[in-house]
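# Notes for the structure review
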Amino acid sequence: MAQDLVDLSSEYQFWMRKLSMWDQASTLETQQDTCVHLPQFQAFLSQMYEALKEMDSNAVIERFPTIGQLLAKICWNPFILAYDESQKILIWCLCCLIKKEPLNSGESKLNSWIRSLLSHILSAFRFDVKEVGLFCQGLGYAPADYYPGLLKNMVSSLVSELRENHLNGFNTQRRKKISLPTLAVVCLWLRHLPSLEKATLHLFEKLISSERNCLQRIECFIKDSLLPQAACHPAIFRIVDEMFRCALLETDGAPEVLAALQVFTRCFVEALEKENKQLKFALKTYFPYASTSLVMALLQNPKDIPQGLWHQPLKRISEMLRETVEGQTARSHRVAFESWFLFIHFGGWADIVAEQLLMSEAEPPEALLWLLAFSSNPHDGSQQRAQTMVEVKVVLGRLVKLFRTPTLSGQDLQAAASESREADPRPLVCQQLIRLLLLSFLLWAPGGHSIAREVITFMAQTEEITHEIIGFLDQTLYRWDQLCIEAPRPRKVARDLLTELLAQVEHSPVDHVAAVQGRSGSPRPQDECHEFVQ
């Protein structure tokens, strides 16, 4: 025990100096230093409590004469108190100093001072707006009407629920959502990581548990979750983004997760623009592994650029990605995935590549062919990707020749999509890209409208391809709405086809959650019966 106290005394002096340096975590450097040393400090605080509880208060003061200063400095450091464990141990330490039966005015004053510190801890992170403001200000937010607002909303929500239960009959299965101001939720999530993770997981469950949500409904779910607004703080964005990354990896890039990520990113960018015209945090804090120039290019809204010039930013994006992906010799798979993960956030650009290739009468730009191949599969090496580009370019050339033909047949498209008898079967990625080109062709080519239903009937030979087509149509309509694209005839064709396919799959329901969760590690269908992409 004596040796333990000697060691603790040595550590005590070290942490006393540290706390003086941190000085309420008022600068970026001290905040970073606090975060780096926090686990060690919490271990020290635990050891201090173990020592204090074995000593009476007089022995404590004699052994650690500046213990009051040390505990007071901790009480006024919002970055330490942000952790529940630190608060708990600090309160225990302070309680060890209280005199149960003060013998003189000095001991009474000590008790009163300790109670004031305990009151500060409880008020700063429970109910007092002024003290909560200190913590919020340290995180880059203005003070918010947090806890009074929390109590007011809780009471209001509970009263409304009781009224509804009184009118409609009490139902224990019904739960009314308690609403909080956005800033209050942000403060809560910044302080308590498990609540943020739970909110994100709840959103994921909501997105995949309902049968085939359309993107408009997904957008409503995402906005209601408050995650895009809260993600304006980089710490929250990075955590939510990482959970999307894990979901993509676990589901082998499930289209449902991919679409949700793109909608989330669009809502996040929208919230970022509303919150402040000038970024409060540098872009590097949101996307630390990407070049700022690439992020800036991706953040451009296609809606703000004339449609005839879309190929220019796409070409620039492709060149920057290709330089990053194929210019690396070591850890190329990791670099490729990170680059792909960044790119697919921005669905506005990712989804218009095929359209741009089809509607251009000039020679297909290699940059756009590369971007199309890369967006479909980041794991291909440069040789595999080059082979995919060759295959796609051949089919694309045939489709472009047919684009202005007023009268077409299903056989025309079958011939355009066919491959040489002597060639090996196309890889799955190549088959998916050709389906993407065919679907875009059916919507945009004047002669494609009359044969769209016939061709899609031939294409949708498996359940997975049917859902792939439904996802494409839904995503296309959603994107056209967001970009305000005037395309009355293609829009009507897409909407009619989507309605018919949705009605078709309703008669053969599957376990949607199992379909998404079970995709990880399983091979995709070989499409052996598909006439158009063999």
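Here is what the cut-offs are and how they apply
- Residues numbered from 1 in each chain as written.
- Predicted model: local features only at pLDDT ≥ 70, side-chain atom pairs only at ≥ 80, totals over all residues.
- Heavy atoms only, no water.
- Helix = DSSP H or I, 4+ residues; strand = E, 2+ residues; numbered from the N terminus.
- Buried < 20%, exposed > 50% of the residue type's maximum accessible area, 1.4 Å probe, protein only.
- Contact = heavy atoms within 4.5 Å.
- Areas by Shrake-Rupley, 256 points an atom, 1.4 Å probe, with all protein chains shown as cover.
- Polar contact = N/O pair within 3.5 Å; in protein donor to acceptor, adjacent residues only side chain to side chain.
- Arc of directions from axis to C-beta.
- Expected span 1.5 Å × (residues − 1).
- Phe/Tyr/Trp six-rings, centres within 6.5 Å; stacked < 30°, edge-to-face > 60°.
- Axes fitted to C-alpha atoms, helices over the stretch in contact; angles between N-to-C directions.
- Parallel < 35°, antiparallel > 145°, perpendicular 65-115°, else oblique.
- Left-handed = near helix turned anticlockwise from the far one by under 90°.
- Nonpolar A, V, L, I, M, F, W, Y, C, P; charged D, E, K, R; others polar.
- Salt bridge = Lys/Arg side-chain N within 4 Å of Asp/Glu carboxyl O.
- pLDDT = per-residue confidence, 0-100.
- Disulfide = S-S within 2.5 Å.

### Overview of the overall build of the chain
Counting secondary structure elements, the chain contains 29 helices and zero strands. Split into buried and exposed, the 534 residues of the chain put 48% on the buried side. Within the chain, residue pairs in contact and separated by at least 24 positions form 71% of the contacts whose partners lie at least 6 positions apart. When the accessible surface of the chain is summed, it comes to about 27200 Å², and 55% of that surface belongs to carbon and sulfur atoms.

### Some remarks on the side chain of Arg-426
Among the secondary structure elements, Arg-426 is positioned in the loop between α24 (410–417) and α25 (428–444). Separated by 3.3 Å, the side chains of Arg-426 and Glu-391 make a polar contact. In terms of polar contacts, Arg-426 uses its side chain to reach the backbone carbonyl oxygen of Ser-418, at 3.2 Å.

### Points about α24
Residues of α24 that are buried: Gly-410, Leu-413, Ala-416 and Ala-417. Across the axial projection of α24, the buried residues extend over an arc of 125°, all falling on one side. Residues of α24 that are buried sit in contact with α23 (382–402), α25 and α26 (452–459).

### Some remarks on unusual backbone geometry
The residue Leu-226 is not glycine, and still its phi comes out positive at about 70°. Within the secondary structure, Leu-226 is located in the loop between α12 (215–224) and α13 (227–230). Using a relative accessible area of 18% as the deciding quantity, one classes Leu-226 as buried. Notably, Asp-252 is not glycine yet its phi reads approximately 60°, a positive angle. On the secondary structure map, Asp-252 appears in the loop between α14 (234–250) and α15 (255–275).

### What about helix α27 (residues 463–483)?
Over its 21 residues, α27 runs 30 Å from end to end, which matches the ideal 30 Å to within 8%, given 1.5 Å per residue. One or two positions beyond α27, positive phi appears at Cys-484, with a value near 55°.

### Observations concerning the environment of Gln-13
Counting through the fold element by element, Gln-13 comes out in helix α1 (residues 2–22). By relative accessible area, which is 42% here, Gln-13 ends up partly exposed.

### Section: the packing of aromatic side chains
This structure, assessed with the given rule, holds 20 aromatic pairs. Relative to Phe-441, the ring of Phe-403 has its centre 5.9 Å away and its plane inclined at 80°; by these criteria the two rings are edge-to-face. In this pair, Phe-403 sits in the loop between α23 and α24 while Phe-441 sits in helix α25, placing the two residues 38 residues apart along the sequence. Overall, the relative accessible area of 4% leaves Phe-403 in the buried class. Of the residues examined, Phe-441 reaches a relative accessible area of 0% and is grouped as buried. Through pairs of rings, three or more aromatic residues link up here, namely Phe-14, Trp-15, Trp-22, Phe-41 and Phe-44.

### Here's the deal with the packing of α26 against helix α28 (residues 488–506)
Where α26 meets α28, the closest approach of the two axes is 11 Å, and the angle between their N-to-C directions is 40°. If you check the angle between α26 and α28, you find them oblique. In this structure, the crossing between α26 and α28 has a hand that is right-handed. Where α26 abuts α28, its residues Ala-452, Arg-453 and Ile-456 lie against Val-493, Leu-497, Glu-500 and Leu-501. By residue class, the composition of the contact of α26 with α28 is five nonpolar, no polar and two charged.

### Observations regarding the pattern of salt bridges
Between side chains of opposite charge, pairing is possible as soon as their charged atoms come close. Per the stated rule, a full pass over the model turns up 18 salt bridges. As a salt-bridge pair, Lys-223 and Glu-219 come within 3.0 Å of each other at their nearest N and O atoms. With Lys-223 and Glu-219 both in helix α12 and four residues apart, this pair spans about one turn of that helix. Close ionic contact of Arg-479 with Glu-355 constitutes a salt bridge, the shortest N to O distance being 2.9 Å. One end of the pair, Arg-479, is in helix α27; the other, Glu-355, is in helix α21 (residues 353–359), and 124 residues separate them in sequence. Of the two residues, Arg-479 and Glu-355, both sit in the buried class. Three or more residues are tied together by salt bridges with common partners; here these are Glu-219, Lys-223, Arg-266, Glu-270 and Lys-274.

### Structural notes on the side chain of His-449
You can see His-449 is positioned in the loop between α25 and α26. His-449 gets classed as buried once you look at its relative accessible area, which sits at 14%. A polar contact is formed between the side chain of His-449 and the side chain of Arg-489, at a distance of 3.4 Å. If near-sequence neighbours (up to four positions away) are discounted, His-449 is found in contact with Leu-442, Leu-443, Trp-444, Arg-489, Pro-490 and Val-493.

### Here we look at the confidence of the model for the chain
Residues of the chain with pLDDT of at least 70 account for 77%, and the chain-wide mean is 78. Here residues 126–155 is modelled with pLDDT under 50, and outside its nearest four sequence neighbours on either side it reaches 54 contacts, counting other chains as well. Every residue in residues 518–531 scores below 50 in pLDDT, and together they form 34 contacts with partners more than four places removed in sequence or on other chains.

### Concerning the state of the cysteines
Summed over the entire model, instances satisfying the criterion amount to zero disulfides. For Cys-75, which is in no disulfide, the shortest distance to another cysteine sulfur is to Cys-93 and amounts to 10.0 Å. Assessed through its relative accessible area of 1%, Cys-75 is described here as buried.

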